[in-house]
Amino acid sequence: MKQNVIIRRYQKVDLEDVKNICIATASERARREEKHRQFTLYMYCLPYLERERALVAEVDGVVVGYVLYTLDYALFIKHMQPYMSKIEAISQEYSLRMRHEHDLYARFQNDYPAHLHIDCLPGYTGLGIGSQLIETMADDLKDEVNGVMLGVSKTNQGAINFYKKHDFDILDEDNAGYVMGRQLKKTTECGLDGCNDVIHK
């Protein structure tokens, strides 16, 4: 049976659903340890919902996925300061992890100023929901920024393949994961036959 999928803007009433999806799709540690749960929400969820942009996917009235994204990573880091303080208060482990991730992404913020996190509940992957979310986000961003980036674990081959399918390339890596980016804006390429507009999706 074909499911009725709706992609729409996040609303405040969706908060608990989005938080639950964030934890359900995180590592087992986030469901086992309260400190790791807090870190996950402070790092990958709540700052985006307060001042950035978010889309949710509904299936038959139930929120089953989301994409959270920011137009300007440098500005996002400034907005995130209250949550950075909360992460630092949890433990040095989380503070160091946060700063390492921020430093890694910062190297690419000029060419890929937008940044995203996307998740779908288990049982709703492979149905095209993630594709609808990421392409709706790309369409929303394309007239405002040159590119968008994200982070993904090296062990999550399914996600890596998904991002490559949607025109993301590997920009850098560390021991744990990759930074991937996708160009969004139109550029002009010139050759012997003249100049042509090329759309980078």
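For the structure itself, look to the data block above.
Residues numbered from 1 in each chain as written. Predicted model: local features only at pLDDT ≥ 70, side-chain atom pairs only at ≥ 80, totals over all residues. Heavy atoms only, no water.

**Q** So what's going on with the sheet that holds strand β6 (residues 169-173)? Residues and values would help.
**A** Taking strand neighbours across the sheet as the criterion, the 7 strands line up as β1-β2-β3-β4-β5-β7-β6 in an open arrangement whose pairing is mixed. Every interior strand has two partners, whereas the edge strands, β1 (5-9) and β6, have only one. Here the average twist between neighbouring strands, direction ignored, is 25 degrees. Inspection of the sheet shows strand β3 (residues 62-70) paired to strand β4 (residues 114-120) by 6 bridges, in the antiparallel sense. Across the sheet, residue Gly65 finds its bridge partner in β4, namely Cys120. With respect to the sheet, helix α7 (residues 92-106) is in contact with β4, β5 (147-153), β6 and β7 (177-183), its orientation differing from that of β5 by roughly 140 degrees. (Pairing = 2+ DSSP bridges. Helix = DSSP H or I, 4+ residues; strand = E, 2+ residues; numbered from the N terminus. Axes fitted to C-alpha atoms, helices over the stretch in contact; angles between N-to-C directions. Contact = heavy atoms within 4.5 Å.)

**Q** Please give an account of the pairing of β4 that cites residues and values.
**A** When you tally the buried positions in β4, you get 6 out of 7 residues, the bulk of the element. In the sheet, β4 pairs with β5 via 2 bridges, with the strands oriented parallel. Note on β5: the bridge partner recorded for His115 is Met149. Crossover handedness for the path β4 to helix α8 (residues 129-141) to β5: right-handed. (Buried < 20%, exposed > 50% of the residue type's maximum accessible area, 1.4 Å probe, protein only. Right-handed = clockwise from strand over helix to strand, strands pointing away.)

By themselves, these figures tell us nothing about what the structure is for.
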